[in-house]
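Descriptive analysis of the structure
Residues per chain, in single letters:
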Amino acid sequence: MRIKDKRKFFRFIILLTIFIFTISCGVKKLVFRREEPKPEMVVDEIKVDLLSQNKLSVDEVKKKVQDVSLEATQEIQAPEPVKPIESIEKTEELKATNQYKFIKNQTLFVYKDSSQKDKIDTLKRGTKIEVLENLDLEKDGKVKTVLKISYRKDLKNKVGWISKVDLADKLNETLAQNWKNIDFDTNYPINNFQNNPRVEVKGVYLNIYTIGSEKKLERLIKLAKETEINAFVIDIKDDNGVLSFQMEAPKKFGIPTRKNYPIKDINSFMKKMKDNNIYTIARIVSFKDPTYAKANPDKVIISRDTGKPFTNSDGIIWVSAHDRNLWDYNLTVAEEAAKVGFNEIQFDYVRFPASNGGKLDSKLNYRNTKNESKPETIQKYLKYAKERLTPLNVYTSADVYGQVGTFSDDMGLGQHWETVSQVVDYISPMMYPSHYGNGAYGVPVPDAQPYKIIYHSVKDSVNRNENISNPSVIRPWIQAFTATWVKGHINYNEKEIREQIKAMNDLGVKEYLLWSPSNNYKFTAK
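Basis of the calculations
- Residues numbered from 1 in each chain as written.
- Predicted model: local features only at pLDDT ≥ 70, side-chain atom pairs only at ≥ 80, totals over all residues.
- Heavy atoms only, no water.
- Helix = DSSP H or I, 4+ residues; strand = E, 2+ residues; numbered from the N terminus.
- Buried < 20%, exposed > 50% of the residue type's maximum accessible area, 1.4 Å probe, protein only.
- Areas by Shrake-Rupley, 256 points an atom, 1.4 Å probe, with all protein chains shown as cover.
- Contact = heavy atoms within 4.5 Å.
- Expected span 1.5 Å × (residues − 1).
- Polar contact = N/O pair within 3.5 Å; in protein donor to acceptor, adjacent residues only side chain to side chain.
- Pairing = 2+ DSSP bridges.
- Right-handed = clockwise from strand over helix to strand, strands pointing away.
- Axes fitted to C-alpha atoms, helices over the stretch in contact; angles between N-to-C directions.
- Parallel < 35°, antiparallel > 145°, perpendicular 65-115°, else oblique.
- Left-handed = near helix turned anticlockwise from the far one by under 90°.
- Nonpolar A, V, L, I, M, F, W, Y, C, P; charged D, E, K, R; others polar.
- Phe/Tyr/Trp six-rings, centres within 6.5 Å; stacked < 30°, edge-to-face > 60°.
- Lys NZ or Arg CZ within 6 Å of the ring centre and 35° of its normal.
- Arc of directions from axis to C-beta.
- Salt bridge = Lys/Arg side-chain N within 4 Å of Asp/Glu carboxyl O.

So, about the overall build of the protein. Along the backbone of the protein there are 13 helices and 21 strands. The buried share among the 526 residues of the protein stands at 52%. For the protein, the computed accessible surface area is about 25,500 Å², with 51% contributed by carbon and sulfur atoms.

Following this line, the structure appears as structure tokens:
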């Protein structure tokens, strides 16, 4: 330390002498007293459902589940005495940075106080937290560091204590190494277009047969007039790659055209929708497209062993999501739908085919010339869609598996919750209770308990949205059909549909879409 002024030097010596004298008199606490903060307790009963990491197939959505319950209301035991070591500098440093961190562990227990005796919660990998205090504790001659954290879960702000662990500065750092290029920094504005204002959607699905039938269409318009239904999800490019009305897109991309389309006059069709105040969502099946595959055999996913196209049990050939030409074709179709008046473009099958949780990846040729991870490719596709469609004043949405919000990975499909939610206006997890394996969330037959399954799935999805700064609106697909093939199934009528809606509403999710392959909806006015 350089001393430029002797008077300053002597003043320093005097202050130092006073300081030493104060300590020797045993009054250090009166001068530097830092009251030990009272631990804030999360008083809710917390039941944490941890699903196993076995992957599910597309056609047989079955999982083994481990149900773990933690009771926050258990009798409080007096903690063993611990000796806090002064850590003011660490805590002040944390306050100065005030940055969010992310959990890197697969799961991490949260405790009621610094003694870490009473578990009150469990956090999953990728959870966003804020470190409030960094405290060293001495016990039996050993020093242990604990962290006081705050986080948001189950629609509540919570506080608890965790052990000292490695925390990530960015969400990317909690993910697989080959996912490093996923973008969590781009924050798109929350659009509410003046000529296409957002609505609280309560919709039903219409296939190409329904929209091609005047009688069926009028029946569903009547449903919308008599109930809270205010939106139609309409097949514009379906699971077979069939378009619903005549477009220029197939000609531009060398796709076979049809002579007859379900919608003969698209302008008259859209006028009828608008006249009946129906919000229109154009469903575009993205990568399950046998029509495109037939015209572009060099773009399909093939087996490395046989060189033949890969299919799931339904026998339908998939095109690789890495195919940029298919991106452009899909988005050209989407742009034409936007220009005729659709309010929103919904991308379904925006994923890779089921590959036994990714275990078949080494045996498949995905035509991955850019060496991208699956979730990176799916995100880039949706970002590209957003950039092309936003100037046309339409919203974008994406359908994902119902348990994408529960699993920390992409389920081998390229669907990772935060990666998708970051870049679309609406995210629609397909939460059909019949599609959950027995034991999911501790429920023996999920199809028989619609409220409980939807509640757990929605809760997990809501919690995942807390990890990103600008998430999409959650708008689940729910079950409006009876799954006769499920052992122990129940009939799905209005009561069962209402139970699913109530489960969502209890968690603050107000929008929903009803799925019935036959488009028969047992729904009446409240």
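There is more to say, and it comes next.
The next subject is the environment of W485. Tracing the backbone through its elements, the reader meets W485 in the loop between β20 (477–479) and α13 (494–505). A C-alpha to C-alpha distance of 9.1 Å links W485 and S434, two positions 51 residues apart in sequence. Contact partners of W485, with chain neighbours within four places excluded, come to S434 and H435.

What follows is about helix α9 (residues 324–339). Taking 1.5 Å as the rise per residue, α9 with 16 residues should run 22 Å; its terminal C-alpha atoms sit 22 Å apart, in good agreement. For α9, the tally of buried residues reaches 12 of 16 residues, placing the bulk of the element in the interior. Regarding α9, the residues found buried are L326, W327, Y329, N330, L331, T332, V333, A334, E335, E336, A337 and A338. If you follow the buried residues of α9, they end up packed against β12 (231–237), α6 (249–253), β13 (279–285), α8 (290–295), β15 (344–348) and α10 (374–389). A distance of 3.1 Å separates the backbone nitrogen of N325 from a side-chain oxygen at the start of α9, and that oxygen is part of D323. Directly beyond the C-terminal end of α9, a positive phi value near 120 degrees is found at G341.

Side-chain alternation along strand β21 (residues 512–515) places Y512 and L514 on one buried face and L513 and W515 on a second face that is also buried. Looking at chain direction, strand β11 (residues 202–206) and β21 are connected through 3 bridges and run parallel. In the strand pairing of β21, G203 is matched with L513. Taking the sense of rotation as the criterion, the β-α-β connection linking β20, α13 and β21 turns out right-handed.

One can find T332 in helix α9. Overall, T332 belongs to the buried group, its relative accessible area being 9%. Of the polar contacts made by the side chain of T332, one reaches the backbone oxygen of D328; its length is 2.7 Å.

Before going further, it helps to examine the packing of helix α12 (residues 450–465) against α13. Contact geometry for α12 and α13: axes closest at 8 Å, N-to-C directions at 30 degrees. As summarised for this structure, α12 and α13 are arranged roughly parallel, according to the angle between their axes. Classified by chirality, the crossing of α13 by α12 is right-handed. Contacts between α12 and α13 involve P450, Y451, I454, Y455 and V458 from the former and E496, E499, Q500, K502, A503 and M504 from the latter. Classifying every residue of the contact of α12 with α13 by side-chain character gives 7 nonpolar, 1 polar and 3 charged.

Moving on: the packing of aromatic side chains. Overall, the coordinates contain 17 aromatic pairs when judged by the stated rule. For the pair F481 and W485, a centre-to-centre distance of 6.2 Å together with 15 degrees between the ring planes defines the contact as stacked. Judged by relative accessible area, F481 falls into the buried class, the value being 10%. Counting every residue linked through ring pairs, the aromatic cluster contains F287, W327, F347, Y381 and Y384. When the ring centre of F109 is taken as origin, the NZ or CZ atom of K119, which lies over that ring, is 4.0 Å away.

Here we take up helix α5 (residues 214–226). A rise of 1.5 Å per residue sets the reference length of α5, with its 13 residues, at 18 Å; its end C-alpha atoms lie 18 Å apart and thus fit the reference within 8%. Within the sequence span of α5, burial applies to L217, L220, I221, L223 and A224. Viewed along the axis of α5, the buried residues span an arc of 150 degrees, placing them on a single side of the element. Residues of α5 that are exposed and angled more than 90 degrees away from the buried face: K215 and K225. Buried positions along α5 lie against β11, α4 (208–211), β12 and α7 (266–275).

For the rest of this paragraph, the subject is unusual backbone geometry. Although it is not a glycine, D154 sits at a positive phi angle of roughly 55 degrees. Along the chain, D154 falls in the loop between β8 (142–153) and β9 (156–163). For N356, which is not a glycine, the phi torsion comes out positive at approximately 55 degrees. Residue class for N356 comes out partly exposed when judged on its relative accessible area of 43%.

Moving on, we get to the pattern of salt bridges. Enumeration according to the criterion identifies 33 salt bridges in this entry. Note that K380 is salt-bridged to E376, the shortest N-O span being 2.9 Å. Here E376 and K380 lie together in helix α10, a separation of 4 residues that amounts to about one turn. Exposure remark for K380: the relative accessible area of 33% places this residue in the partly exposed category. With its nearest N and O atoms 2.9 Å apart, the salt bridge here joins K502 to D506. Through salt bridges with shared partners, one network takes in D235, D239, R283 and D348.

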